[in-house]
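Chain and residue survey
In case you want the letters, here they are:
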Amino acid sequence: MEIAPNDPIVAYLLGVDGPVDIQSLDLDSPAAKALKAAGVRLAVPLRSQGELIGLLNLGPRLSEQDYLPEDLRLLDNLAARVAPAVRVAQLVREQQAEAQERERIDQELRVARLIQQTLLPKTLPQLPGWEVGTYYRPARAVGGDFYDFIEFPDSYLGIVVGDVSDKGVPAALVMATTRSILRAAAQRLDSPGEVLQHVNDLLHPDIPPNMFVTCLYAVLDTTSGRLLFANAGHNLPYLRTAEAVTEVRATGMPLGLMPGMTYDEQRIELGPGDSVLFHSDGLVEAHNRQREMFGFPKLMALVGAHPGGAGLIDHLLGELSRFTGPAYEQEDDITLVTLQRSGDASVTPAGAAPRPQLAGAAKDDMRVLAEFELASAPGNERRAIESVAEAVRELHIEPARLERLKTAVAEATMNAIEHGNKNRPDLPVRIQLIAGRDELSVRVTDHGGGQPIPQPDVPDIESKLAGEQTPRGWGLFLIKNMVDDLRVTSDETHHTIELVFKLEGASDDAS
Amino acid sequence: MPASHFEAAVSRQPGTGVIGLKGEVDAFAEEALNAAYADAARDNPASVLLDFREVEYINSTGIALVVGLLAQARASRRQVLACGLSDHYLEIFQITRLSDFMTIYPDEASALAAAGSSPALET
């Protein structure tokens, strides 16, 4: 029988000396009641280091006489000797149970790792004029990362990178299913958007609730350098050209969440020397000892600073290990896939389509000064100001310009808290500071994506004083007057305002 | 936890109610600022002076509060003066054109001297 730790008999048995006559015990105790019902006459507490670890229970003597004082002494003596041995036995049993549990988990992880590794490509596609590089390292708990190459006739190559939302065996099974469905769909359909749509519709009825798969599927025409891709909620790839590195955007819901989804397609052209990096969360979400995240801006800057190709992978891993330090336990799977068109002039040049030039392209010498999150609560813009002021101290910004920076950051953060995140404390505002050689960029991101960006009236003080406009509505107006440039981007979930400040006094003040 | 870091102290000079603002002029300051204005305007002075000398922070909501005070003052044909603004907030008062509707002085003494000499009001 088990005795509940809060049963009054526990305290009683710890306090008494020697065997206890159970039948005459007057305690409001379920255990005492059970002992009585079982016909126990004497209970001898077994104690070890002040804890009650068991009871030696005796029924009535067979002679039907009462226990004699020497019986009680003998029992007491016995209990004192038995208790340490029982304690040791208990500890051994607990350790065996723990070892079995660890073994069971390890076994499960081995199975998960085996499923994943069996299904990952064994060799890299060999394509004249192209260099493909991959890196995959599962976390100890084995996340759900995967990648795949599908070689088609006519020099087309399918590239898949994905991440299942769960870990361990369940994630590995969903990964295996997704991979098979996608391979089958890719044989029948040319359009990456249609392939993802088809996979989503087939996966949705079978995937366990609360699980989903982010997945990017691209088709490369190795002759022209044209890359067509669609994206189901996966990290955006980086395109690196000689001029810039850009995050190429195509949006869509992760696979398995909702049926009937459609997926945007994006087309880019890779010229000689250009390269693309596909990556999973494991790299950008790695933390250092100060709990700072590696982050997208840092990754983007690193991609920009490297000539590209498969050597980029080693470079990124080196930077990751420099960032996390030596005693790093990897939190999530890391998957990297690089694709580079060789710079050889004998390769057919890219098609005539213009190369995408996205706003906010990182320059080669950009670096991340700080990256942090704030809860969406009124007044928290003050914290944003303090953190930003601290982070830019090394830039020695002239005091008047610093005040303008602080006002712009405060107003952008207030908008994010109030309008983007609707003052919901569970939705954070993310702030990233990126410094380049001649400009500082502050990105303030909230969860206000997927809605039209309101265009407030230009505030006019005469109308406000006359009561024709609300007295409020100064935020965006102030920001515009404080910064050198303002960029706004939005996707289905996030809204980002990027405040750009020229460094080294190259400003055109409004005052 | 968000809390008000704002205080307003009212004093009376001949013809002018003086509001000494202190701390952060933001949403949390609304109640105290409006109460201070009501207090400063109680005996119907010709002008009200907002002294920003001890203000560390003004955000867009704080600007809206000042606009609200200006609107109230205008309705009762009372002049609003300001003093003690830092260079940065002076610039913001100019950008928002608040400075077109309130005369701005460097300090309280010059503001009071001017108020005493020019009680007339233009809105």
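All values reported here derive from a predicted model rather than from experimental measurement.

**Some points on the overall build of chain B**
Along the backbone of chain B there are four helices and five strands. Ordered by position in the sequence, the α and β elements of chain B form the string β-β-α-β-α-β-α-β-α. Within chain B, the proportion of its 123 residues that are buried is 46%. Contacts spanning at least 24 positions in sequence make up 72% of the contacts within chain B whose residues lie at least 6 apart.

**Here's the deal with the confidence of the model for chain B**
For residues with low pLDDT, the predicted coordinates do not support detailed interpretation. Residues and elements named next belong to chain B. With 92% of its residues at a pLDDT of at least 70, chain B reaches an overall mean of 89. Low pLDDT (under 50) marks residues 117–123, which in the prediction has seven contacts with non-local residues, meaning those over four places away or in another chain. For this predicted complex, the interface confidence comes out at an ipTM of 0.90, alongside a pTM of 0.47.

**Brief notes about the interface of chain B and chain A**
Interface size is commonly expressed as the accessible surface area that is lost when the partners come together. Taken together, the contact between chain B and chain A spans 23 residues of the former and 21 residues of the latter. Those elements that provide at least two residues to the side of chain B that touches chain A are α2 (60–75) and α3 (87–95) of chain B. By residue number, the principal contributor to the side of chain B that touches chain A is α2 of chain B, which donates nine residues.

**What to know about helix α3 (residues 69–119) of chain A**
All names here are of chain A. Between its first and last C-alpha atoms α3 spans 74 Å; for 51 residues at 1.5 Å apiece the expected length is 75 Å, and the two agree. In the structure, α3 departs most strongly from a straight axis at V82, where the bend amounts to approximately 30 degrees and where the proline P84 lies between one and four residues downstream. Counting buried positions along α3 yields three of 51 residues, so the element is predominantly exposed. The set of residues buried in α3 consists of A83, A112 and Q116.

**Points about helix α8 (residues 311–324) of chain A**
All names here are of chain A. Helix length check: α8, at 14 residues, gives a terminal C-alpha distance of 20 Å against a target of 20 Å (1.5 Å per residue), a fit within 8%. Of all the residues in α8, the buried ones are L312, L316 and L320. For α8, the angular spread of the buried residues around the axis is 75 degrees, confining them to a single face. Looking at α8, the residues exposed on the side facing more than 90 degrees away from the buried face are D314, G318, S321 and R322. Looking one or two places after α8, you find G325, whose phi comes out positive at around 85 degrees.

**Considerations on the sheet that holds strand β11 (residues 265–269) of chain A**
Residues and elements named next belong to chain A. The five strands are arranged β5-β6-β7-β8-β11 in an open sheet whose pairing can be described as antiparallel. The strands lining the two open edges of the sheet, one partner per strand, are β5 (144–151) and β11. Geometrically, the sheet is characterised by an average inter-axis angle of 15 degrees between neighbouring strands, direction not taken into account. As judged from the seven bridges shared by strand β7 (residues 213–221) and strand β8 (residues 226–232), these two strands associate in the antiparallel manner.

**Details of the packing of helix α4 (residues 168–188) of chain A against helix α5 (residues 192–203) of chain A**
Residue and element names in this part refer to chain A. Look at α4 against α5: their axes get within 9 Å of each other, and the N-to-C directions meet at 135 degrees. By the angle between their directions, the pair α4 and α5 is classed as oblique. Where α4 crosses over α5, the handedness of that crossing is right-handed. Contacts between α4 and α5 involve T177, T178, I181, L182, A185 and A186 on the former and, on the latter, V195, H198, V199, L202 and L203.

**A word on the environment of G260 of chain A**
Along the chain, the position of G260 of chain A falls in the loop between β10 (245–247) and β11. Placed 59 residues apart in sequence, G260 of chain A and D201 of chain A show a C-alpha to C-alpha distance of 6.4 Å.

Calculation criteria
Each chain carries its own residue numbering, running from 1 in the direction its sequence is written. For this description, chains carry letters from A and ligands carry numbers from 1, given in the order in which they are written. With the structure being a predicted model, the display of local features is reserved for residues of pLDDT at least 70 and the display and counting of side-chain atom pairs for 80 or more, all residues being used for whole-chain, interface and lining totals. For helices the rule is a DSSP run of H or I covering at least 4 residues; for strands it is a run of E covering at least 2, with both sets numbered from the N terminus onward. Counting other C-beta atoms within 10 Å of a residue's C-beta gives its exposure: the residue is buried at 20 or more, exposed at 12 or fewer, and partly exposed in between, where C-beta atoms are placed from the backbone. Each residue is represented by a C-beta atom placed from its backbone, and any two residues with such atoms within 7 Å are regarded as in contact. Per-residue confidence from the predictor is given as pLDDT, running between 0 and 100. Here the expected span of a helix is defined as 1.5 Å times the quantity of residues minus one. Axes are fitted to the seven residues ending at a residue and to the seven starting at it; the angle between these axes is taken as the bend at that residue. The reported arc concerns the directions from the helix axis to the C-beta atoms and nothing else. Paired strands, in this sense, are two strands between which DSSP finds at least two bridges. Axes, fitted as lines to C-alpha atoms, cover a helix only where it is in contact. Angles between the N-to-C directions of the axes lie from 0 to 180 degrees. An angle counts as roughly parallel when it lies under 35 degrees, as roughly antiparallel when it exceeds 145, as roughly perpendicular when it falls between 65 and 115, and as oblique in every other case. By convention, the crossing between two helices is left-handed when the near helix turns anticlockwise from the far helix through less than a right angle, and right-handed when the turn is clockwise.

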